[in-house]
Amino acid sequence: MRLAPSPTGFVHIGNVLVALVDAAIARKYGGTFVIRIEDTDQKRFLEGAEQLIYDSLAWLGIEWQEGPDRGGPFAPYKQSERLPRYRAFAEQLVDEGTAYRCWCSPERLDEMRKAQQADKLPPKYDRMCLGKSETERQAFGGYTERSVIRLRMPDHGHTTFVDPIRGEMSFENALLDDRVLLKSDGFPTYNLAVVVDDHEMKITHVIRGEEWLPSTPAHLRVYEALAWKPPVIAHTPLLLNADRGKISKRKHPWANMGWFQEEGFLAEAVLNYLGNLIAFIPDTDNPQQGVARELFGFPEIAEHFELGSIGPSGKVVDLDRLDWLNGQYIRRMSLGELARRVGPFMTAAGLDIESPIFMGALALEQERLKRLSEAPAVLSIFFKEEEYPAQMLVPKGVAPNDARSMLDGAISVCAGVAASGNWSAASLEAPFRDLAISLDLTTGKQRGQLFGVVRVASTGRTATPPLFDTMAVLGADTILRRLAHASVLLSGLGA
RNA sequence: GGCGCGUUCGUCUAGCGGCCUAGGACACCUCCCUCUCAAGGAGGAGACCACGGGUUCGAAUCCCGUACGCGCUACCA
C-alpha cells in the first residue's frame, strides 16, 4: 500500500482520507504503508511542504512504515532522486514500439485540441509524429526541437480492470489519448513514474482519488508493455462541499488539513469523522441490526475496514457533525488534558493559563465547548472585565427600579457571604434564594430575572455557566467589584 | 464537446432478492431537566430508495435506458 502525495505546500483533506485507507488496510492485513514523495513537477515544488505531510499524518496518528523520512528497502522514496530509471524505461518502450517521440509544439497541440472540441471529436493526440523520424517530422508545421515520449495506446478493444471499490471498469481504447510519459525536461510524468516506482517498490495496492480513474488505462498499458503484473488499483470517492462541488483550496479553508488544527478540532474527532466515511463500525452494545457505533478510533477502523465497504459516491463534508464529534471528545477528556490542549489557544489570545482560576473556569466550560478555538472567547469573562451596555442589566419585563433593588440586594448578600469567609456556590445559592423571597420574587421566572441581573453584573453576559458556580470561581473580590461597577451603570440609567 | 464514474432522509450511512409500511447518526422541531447557555433524557418531522422500463412469485437490492451531479480531457499531480 502506498500514499504518494505531492509536496505542493498544503495537505489536502482528500489526501488524508486516502492515507487513512492505506493505513487501515496495512494494519488489517499486516501490510506495509509506504509514503513516496512525487515531486516530478519542478514548477510546483515548495520548500517545507514535505514535512507538512508527515506532520499532518502524525498529528492524526496515522502511521507509515517506509518513506523518505524513515528509509526502507526500496529507497530512495522521492521521485526526484530516482530520475535515471524512468528515462531508461521510456527509451525501452520507444525501442519496443509501445511509445514514440513527439516533437509537436504546445501551440500546435493547443490548436489541435480546440479543433477537436469544435468538431465534437474525442480529445486525443492526433499522432502526427507517430512513425516519423525527427528529420521527417521537421518537414511539417508545429515542430519544436525538444521532444517528449508518448505512450501509444491500442487502436481497438477495451481496457477493463476491477476496482475493488467500484467493481468492473471499462474504457474503449480507441478513445484513449496517447499520454506523455517523459517530458521534454527529462522528467517523467506521473503516469510513467507511478508505474515504475510501484513496480520497483513491490506495491500491491494502489489507493488514490477518483480523479485518477481516467488515467488508469494508460498505467495498465505501461504495465502490459513492460510485462509487469499490475497492482490492485482502487479509487476513493472525492470529498465534496455542501454545493456538491469539490472542495477547493480557495473557497473552503477545510480543504487544508492544517485548518482543522487551527480551528481547534481534536485529532481524535477528525480521524473519527473520516473513519465514518470509509468504514461502518457496528454498535456491539445495541442488539438492533444496522446501528453504527459513533465514537471510535483507528483500531476499530482498521478492524472493520474493507475496500468494498467504502461507498463509491462523493462525500459532502459535514462540519456540523465534526463539531458534534469534537464536543463528544472534549467532554470525555480529563480536565488536565483539556487544559493542555486549550493552552495554546488561550496564550495566543493573551489569556494567562497560569491564573489560579483557569482550571476552575475551564471545568465550567468543558461541556460547552465544541472547538478548542472557542475557549478564549467564552473564558475571557474569567480573566478580564468587559464592557457591556447598561441596558443589559435590566431584563425584559423588569422595571429599572426593580433591577436596582435586585442588584442592591445582591451586593449585600455577596458582602455578607464574603465576610463569612466561606465563598462557594453552595454558600451563595441559599442566601440568594432568600433574597428572592424577600423581594417577593416567588415564581421561577421571577427568580430567573433576579439571577439574570446578577449574571450580567458579574460577567457582562446573558449566557454563562451556572451562576453560582461562576461566581464561586471568580471570587468574592472580583464579584463585589463588578457588582459595584454595575451599580454605577444602573445609576446612569436613572435607576 | 468527448470519455468515465456516481445517484437511499438536508448531510453521512445501514441495506448486498422476501426480516423494509427502509434502521442509525448529525442538523432541525417539541417536551423534560433548569437561574441563562450548554450537556443530558424523551419524542417528532424528514427518503414514493433520481426517473422510466425490464428480469423475478417477489427489487432499494439484478439488467437496460434517461436525467442530473461530479471527475478527467496538460510536457500538474
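Residues numbered from 1 in each chain as written. Chains lettered and ligands numbered in written order. Predicted model: local features only at pLDDT ≥ 70, side-chain atom pairs only at ≥ 80, totals over all residues. Heavy atoms only, no water.

(A) Representation of the overall build of chain A in the model. Per the secondary structure count, chain A includes 19 helices and 11 strands. The C-alpha radius of gyration of chain A comes to 33 Å, more than 25% above the 23 Å expected for a compact globule of 495 residues. When its C-alpha atoms are laid out on the principal axes, chain A stretches across 105 × 50 × 40 Å. At a minimum sequence separation of 6, the contacts of chain A that also span at least 24 residues come to 73%. Split by element, the accessible area of chain A, about 23100 Å² in all, is 52% carbon and sulfur. Separation between the mean location of the 55 positive side-chain charges and that of the 64 negative ones in chain A comes to 3 Å. (Helix = DSSP H or I, 4+ residues; strand = E, 2+ residues; numbered from the N terminus. Rg over C-alpha atoms; globule rule 2.2 N^0.38 Å. Contact = heavy atoms within 4.5 Å. Areas by Shrake-Rupley, 256 points an atom, 1.4 Å probe, with all protein chains shown as cover. Lys, Arg positive; Asp, Glu negative; His and termini not counted. Charge placed at Lys NZ, Arg CZ, Asp CG, Glu CD.)

(B) Fine view of helix α3 (residues 83-96). For α3, built from 14 residues, the straight-helix expectation of 20 Å at 1.5 Å per residue is met to within 8% by its first-to-last C-alpha distance of 21 Å. For α3, the set of buried residues is Tyr86, Phe89, Ala90 and Leu93. One face of α3 carries all of its buried residues, which in axial projection span an arc of 100 degrees. Residues of α3 that are exposed and point over 90 degrees away from its buried face: Pro84 and Asp95. Buried residues in α3 make contact with β3 (99-104), β4 (143-151), β7 (180-182), α6 (190-200) and α7 (216-225). At the C-terminal side of α3, glycine 97 shows a positive phi close to 90 degrees. (Expected span 1.5 Å × (residues − 1). Buried < 20%, exposed > 50% of the residue type's maximum accessible area, 1.4 Å probe, protein only. Arc of directions from axis to C-beta.)

(C) Structural view of the pairing of strand β5 (residues 158-163). Burial along β5 is one-sided: Thr159, Phe161 and Asp163 are buried, and none of His158, Thr160 and Val162, which face the opposite way, are. What sits between the antiparallel neighbours β5 and strand β6 (residues 167-172) is a turn of three residues. (Pairing = 2+ DSSP bridges.)

(D) Expanded view of the pattern of salt bridges. Scanning the model with the defined rule gives 32 salt bridges in all. The residue glutamate 385 makes a salt bridge to arginine 482 at a minimum N-O spacing of 2.5 Å. Here glutamate 385 is found in the loop between α14 (375-379) and α15 (400-420), whereas its partner arginine 482 is found in helix α19 (residues 476-492), with 97 residues between them in sequence. A relative accessible area of 6% places arginine 482 in the buried class. Members of the salt-bridge network, linked through shared partners, are Arg36, Glu38, Arg82, Arg85, Asp197, Asp198 and Glu200. (Salt bridge = Lys/Arg side-chain N within 4 Å of Asp/Glu carboxyl O.)

(E) Structural detail: the nonpolar core. One finds Phe260, Ile278, Phe432 and Met471 to be the most contacted residues of the largest nonpolar core, which totals 109 residues. With 11 residues, the top contributor of residues to this core is helix α1 (residues 13-29). Within the second largest apolar cluster, 34 residues are counted, among which are Tyr86, Leu176, Met201 and Ile233. (Core = buried A, V, L, I, M, F, W, Y, C linked by side-chain atoms within 4.5 Å.)

(F) Up close: the sheet that holds β3. Here we have three strands laid out as an open sheet, ordered β3-β4-β7, and antiparallel in their pairing. In this open sheet, the two edge strands, each paired with only one partner strand, are β3 and β7. Averaged over all pairs of adjacent strands, the angle between strand axes in this sheet comes to 55 degrees, irrespective of strand direction. (Axes fitted to C-alpha atoms, helices over the stretch in contact; angles between N-to-C directions.)

(G) Molecular detail of the packing of α15 against α19. One way to put it is that α15 packs onto α19 with a least axis distance of 10 Å and a crossing angle of 160 degrees. Put simply, α15 runs roughly antiparallel to α19. For α15 against α19, the interelement crossing comes out left-handed. From α15, Ala403, Arg404, Leu407, Asp408, Ala410, Ile411, Cys414, Ala415 and Ala418 reach across to α19, where they touch Ala476, Ile479, Leu480, Leu483, Ala486, Ser487, Leu490 and Ser491. (Parallel < 35°, antiparallel > 145°, perpendicular 65-115°, else oblique. Left-handed = near helix turned anticlockwise from the far one by under 90°.)

(H) Representation of the environment of glutamine 92 in the model. With respect to the helices, strands and loops of the structure, glutamine 92 is situated in helix α3. Here glutamine 92 falls in the partly exposed class, since its relative accessible area comes to 31%. Note: C-alpha distance between glutamine 92 and leucine 226 (134 residues apart in sequence) is 8.7 Å.

(I) Quick look at the packing of α6 against α7. The interhelical angle for the contact between α6 and α7, taken along N-to-C directions, is 50 degrees, at an axis separation of 10 Å. Taken together, the axis directions place α6 and α7 in an arrangement best described as oblique. Crossing angle aside, the handedness with which α6 passes α7 is right-handed. Seen from α6, the contacting residues are Tyr190, Asn191, Val194, Val195, Asp198 and His199; seen from α7, they are His219, Val222 and Tyr223. When the residues that make up the contact of α6 with α7 are grouped by side-chain class, the tally is five nonpolar, three polar and one charged. (Nonpolar A, V, L, I, M, F, W, Y, C, P; charged D, E, K, R; others polar.)

(J) Region of interest: the packing of aromatic side chains. The final tally for this structure, using the stated rule, is 12 aromatic pairs. Here the aromatic rings of phenylalanine 89 and tryptophan 228 are separated by 5.1 Å at their centres, their planes lie at 80 degrees, and the arrangement is edge-to-face. Of the two residues, phenylalanine 89 is situated in helix α3 and tryptophan 228 in the loop between α7 and β9 (232-236); the sequence distance between them amounts to 139 residues. Tryptophan 228 shares its class with phenylalanine 89; the two are buried. The interplanar angle of 80 degrees and the centroid separation of 5.1 Å between the aromatic rings of tryptophan 259 and phenylalanine 260 together place this pair among those described as edge-to-face. A connected cluster of aromatic rings, assembled from ring pairs, spans Trp254, Trp259, Phe260 and Phe265. (Phe/Tyr/Trp six-rings, centres within 6.5 Å; stacked < 30°, edge-to-face > 60°.)

(K) Local environment of the environment of asparagine 173. Relative to the assigned elements, asparagine 173 resides in the loop between β6 and β7. Given a relative accessible area of 4%, asparagine 173 falls into the buried group. Spatially, the C-alpha atoms of asparagine 173 and histidine 158 are 5.1 Å apart, while their sequence positions differ by 15 residues. Aside from chain neighbours lying at most four places away, what touches asparagine 173 is Pro154, His156, Gly157, His158 and Thr159. Among the polar contacts made by the side chain of asparagine 173, one reaches the side chain of threonine 159 at a distance of 2.5 Å. (Polar contact = N/O pair within 3.5 Å; in protein donor to acceptor, adjacent residues only side chain to side chain.)

In short, shape yes, function no, at least from these values alone.
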